[in-house]
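Analysis of the macromolecular model
Here are the chains, one letter per residue:
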Amino acid sequence: MPSKILIADDEAFIRLLIEQTLEEFENQGVVIFTADNGEDALDIIRKERPELVFMDVMMPKLNGFEVCQVVKRDEDLKNIFMVILTAKGQEVDRLHGEQVRADIFMTKPFDPDELIGIVATVLKRS
Amino acid sequence: MTSISLSRLVDRNPELQEALNGILSQMGPHASIRDYTGNVLAGSNTGSDSTRYPISQNGEIIGWVADGINAKPVSLLIEYFARQEEEKRSLGAEMIDRYRELNLLYHLSERLAEAPHPESIIRAALEEALRLNKAKAGLFLTVSEEQSSPQIAAVQGFQYTSILKGDLLDRVIQTRKADIDNEAHGEDYFLEEKGEILSLACAPLKTEKRVIGLIVLVRDQGNTFSAGAIKLLNSITMQIAPALEIIRLYQVAVEKERIERELLMARQVQQSLLPAEMPQIQGWDFARRWRPAREVSGDFYDFIFEGPDQLGLVIADVTDKGMPAALFMVFARSALRASLGQIHTPAEAITVANNLICRDSFEGLFATLFYARLMTDSGQLTYVNAGHNPPLLYRSLQDEIQLLKRTGLPLGVVENSDYEECSVVLQPGDFILFYTDGITEAVNSAGVEFGPERLQRVIYELKACSTDEIISGLENALNEYADPSQSFDDITMMAVRRM
């Protein structure tokens, strides 16, 4: 089974940037899924069970915190590594990320090398 | 530029997929889009790919429109999408680089704030430079005026321990601008390198006045550096150079403060060796002034109570100023005090002191010294002048100034030197001014010394004053005369009058 990563962001260009940053993993066979809203993201999570999700906060239908909360409360899904990736960098947002038990809270503009490092670590672990 | 994968293009563009499916169904039952190897990406997989039309990008075939009429316009449409995708990717790559750069500066700032030590800053800068530029090795070099070539402060990626002064480094130091050499001969730069061609990028760490260091990155031949690498490297050096310079200046300031504190303590110690109080002897009036050129002085004076009605008077001046002179002064004072304790006549005491000093003499240092033994009941003054500026003796009866001239060499010059002693009797109204050469050698703005004649004139005019007034008057005359912008020597004065 190939490893799977989901990128959920309502901005197409950000999805492209993250995807392009993770291209070397894709070339090694990792499958990358994308979603432009929270509902679709949750559907893909339930259906594909990715090892890792990069999740924007401000998205239509369900926001990133809500999706994260659902995932982390679900016994079957809670081991999925959830990265909140947001332009909202206030402490209150970070605390919100902690509340919904996100594994990592990252701000945009993200550090491409940090992103690569996270993927490498998570995929190696799983 | 490498061409993009057709399958990825089709996968990621649902609109394109939909359009193609529609078009392909119009083209015929066997029409399909195939990738470079012939796998069907859209349309039917029943047809053969024997009649096919290429889809190209940047002169490379990335796939085929197979087995149908009107294949050419379909191919052109896909090529258009491919070009759009390529442009988007190129923008994306550019944006990822900017993100990297932005995060680099952020990380560096964070590391600078966390650990403001030069070593950790250098290590952080080198690590980030290497990581971002994907170089195989990197060096951080310090540049200083004292060193003929840059010195390695940190290395990552290889074990070179010696760097030679290659052309690129010279050029960067001289022009103060980052530069690259993608055809560098390794042996020109590294002592251990043998004949390999390397790609090098080098950026200077600049302060306002000079280049204080270099970051050099190394890649293998063919893996060349571009202008973008220089920009990235510059953004690192421009951030850390001021930080390193601030740390250096701070360290200099801390060190200066430490030295000043020690000097202040040294001054206190030295002052404690000077008489705290003036002799209080019926019929005599004493005054003195001690003004070091720096925190500590090579001048000293002393009042030594040698017995009833017997007072030793000392004034001395060590060659040189500052700490060496001050240390020598302490040594000379101890030698003199020790000699006076054992011997009876002033000449014998000075001879012994001279021999003690000569035996342990510091390189090139010596002291001029005037020692007098004053019998306070009779006014008889027996003295030895070991190379010191002759004190001025004012004779009230004759109304004239006489000089108590030299009777031997300075202390610490020649061992077993002979010292003569002379004697005068101070009559009521007579006084002596003892001084060091800081007074006579003070210069005015024209560079002319105060000189012994002027000193005599000033003292003569002050002849009716108390010893305190004589010293203050002389000090005022000196302050008026001397150019304050010129460095002055240690100044010591001592006056004794018989009432």
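Here the residue numbering is sequential within each chain, running from 1 through the sequence in written order. Chain A is the first chain written and ligand 1 is the first ligand written, with later ones labelled in order. A pLDDT threshold of at least 70 governs which residues receive local features in this predicted model, and a stricter bar of 80 or more applies before side-chain atom pairs are shown or counted, although totals over entire chains, interfaces and linings include all residues. Only hydrogens and water are set aside when side-chain values are computed; all heavy atoms of the structure are taken into account.

This paragraph deals with the overall build of chain A. Going along the chain from the N terminus, every DSSP run of H or I of four or more residues is numbered as a helix, and every run of E of two or more is numbered as a strand. Within chain A one finds 6 helices and 5 strands. For chain A, the succession of helices and strands along the chain, N to C, is β-α-α-β-α-β-α-β-α-β-α. Sorting the 126 residues of chain A into buried and exposed places 52% on the buried side. Taking the intrachain contacts of chain A between residues at least 6 apart in sequence as the baseline, contacts between residues at least 24 apart amount to 64%. Shrake-Rupley sampling with a 1.4 Å probe provides the accessible areas, and residues are treated as covered by the protein chains on show and by no other component. Of the accessible surface of chain A, which amounts to about 6,000 Å², a share of 46% is contributed by carbon and sulfur atoms. Summary of the burial criterion: residues with accessible area below 20% of their type's maximum are buried, those above 50% are exposed, and those between are partly exposed, where the area comes from a 1.4 Å probe applied to protein chains only. Contacts are assigned to residue pairs with any non-hydrogen atoms lying within 4.5 Å of each other.

With that settled, the discussion passes to the interface of chain A and chain B. Contact with chain A, which involves 16 residues of that partner, is made by 16 residues of chain B. Accessible area, probed at 1.4 Å, shrinks when two parts are joined; the buried area is that loss added up over both. Of the roughly 1,500 Å² buried where chain A meets chain B, counting both sides, 53% is carbon and sulfur surface. In terms of surface lost to chain B, no three residues of chain A exceed A:Gln20, A:Pro109 and A:Asp113, which account for 30% of the buried area on that side. Any Lys or Arg side-chain nitrogen found within 4 Å of a carboxyl oxygen on Asp or Glu counts as a salt bridge. On inspection of chain A and its partner chain B, the count reaches 5 salt bridges. As a salt-bridge pair, B:Arg89 and A:Glu23 come within 2.5 Å of each other at their nearest N and O atoms. For this analysis, a polar contact is any N or O atom pair within 3.5 Å, provided that within protein one partner can donate a hydrogen and the other can accept it, and provided that sequence-adjacent residues contribute only side-chain to side-chain pairs. There are 9 residue pairs in polar contact (both at pLDDT 80 or more) connecting chain A and chain B. Put simply, the parts of the chain that give the side of chain A that touches chain B at least two residues each are helix H1 (12-21), helix H2 (23-27) and helix H6 (112-125) of chain A. No other element matches H1(A), which puts 7 residues into the side of chain A that touches chain B.

Bringing a negative patch on the surface into the picture now. Every patch collects residues that have over 30% relative accessible area and no salt bridge, joining them within 9 Å if they carry like charges and within 5 Å if they are nonpolar side chains (Val, Leu, Ile, Met, Phe, Trp, Tyr). In this charge count, Lys and Arg are treated as positive and Asp and Glu as negative; neither His nor the chain ends contribute. A charge is said to be at NZ when it belongs to Lys, at CZ for Arg, at CG for Asp and at CD for Glu. On the surface, A:Asp10, A:Glu11, A:Asp36, A:Glu39, A:Asp40 and A:Asp43 cluster together to form a negatively charged patch. Considering the arrangement of structural elements, one finds A:Glu39 in helix H3 (residues 38-48).

What follows deals with the pairing of strand S15 (residues 392-395) of chain B. Residue and element names in this part refer to chain B. Burial of the side chains of S15 extends over both faces: Leu392 and Tyr394 are buried on one face and Leu393 and Arg395 on the other. Should DSSP find at least two bridges between two strands, the strands are taken to pair. Two elements, S15 and strand S16 (residues 400-403), share 4 bridges in a ladder whose sense is antiparallel. Within S16, the residue paired with Arg395 across the bridge is Glu400. Where S15 folds back onto S16 in an antiparallel hairpin, the turn is made up of 4 residues, including Asp399, whose phi is positive at roughly 55°.

Moving on: the nonpolar core. Residue and element names in this part refer to chain B. Among buried residues, those of type Ala, Val, Leu, Ile, Met, Phe, Trp, Tyr and Cys that are joined through side-chain atoms within 4.5 Å constitute a nonpolar core. In terms of nonpolar packing, the biggest core is built from 48 residues, with Leu313, Ile350, Leu369 and Leu381 touching the most fellow members. A per-element tally of this core places helix H8 (residues 322-342) first, with 7 residues. What Leu381 contacts, discounting residues up to four positions off in sequence, is Leu313, Ala372, Arg373, Leu374, Leu404, Cys422, Ser423, Val424 and Ile432. Ile122, Phe140, Ile212 and Leu244 belong to the second largest nonpolar core, which has 32 residues in total.

So, on to the sheet that holds S15(B). Residue and element names in this part refer to chain B. The sheet built from 5 strands is open, its strands ordered S10-S19-S18-S15-S16 with antiparallel pairing. This sheet does not close on itself; its edge strands, each paired only once, are strand S10 (284-291) and S16. On average, each strand axis in the sheet is tilted by 15° relative to the strand beside it, whichever way the strands run. To get an axis, fit a line to the C-alpha atoms, keeping to the stretch in contact for a helix; angles then go from 0 to 180 degrees between the N-to-C directions.

The subject of this paragraph is the side chain of A:Lys108. Residues and elements named next belong to chain A. Secondary-structure assignment places Lys108 in the loop between strand S5 (104-107) and H6. Overall, the relative accessible area of 17% leaves Lys108 in the buried class. A polar contact of 3.2 Å, which involves the side chain of Lys108, links it to the side chain of Asp56. Those residues in contact with Lys108 that sit more than four places away from it in its chain are Asp9, Ile14, Asp56, Leu85, Thr86 and Ala87.

Counted by the stated rule, this structure contains 31 salt bridges over all chains. Between A:Glu75 and A:Lys78 there is a salt bridge whose closest N-O contact spans 3.2 Å. For A:Lys78, a relative accessible area of 30% puts it in the partly exposed group. One salt bridge in this structure joins B:Glu475 and B:Arg291, with 3.3 Å as the shortest N-O distance. Separated by 184 residues along the polypeptide, B:Glu475 in helix H12 (residues 467-481) and B:Arg291 in strand S10 bring together distant segments of the chain. A single salt-bridge network, built from bridges that share partners, covers A:Glu23, A:Glu26, B:Arg8 and B:Arg89.

The subject of this paragraph is a nonpolar patch on the surface. Residues and elements named next belong to chain B. A cluster of nonpolar side chains, Leu409, Val413 and Val414, forms an exposed patch at the surface whose accessible area comes to about 220 Å². With respect to the helices, strands and loops of the structure, Leu409 is situated in the loop between S16 and strand S17 (422-425). By relative accessible area, Leu409 is classed as partly exposed at 38%.

As a further point, take the confidence of the model for chain A. pLDDT measures the predictor's confidence residue by residue and takes values from 0 up to 100. Taken as a whole, chain A shows an average pLDDT of 92; of its residues, 100% reach a score of 70 or greater. Strand S1 (residues 4-8) of chain A holds the highest mean pLDDT among the elements of chain A, 97, whereas helix H5 (residues 91-99) of chain A holds the lowest, 86.

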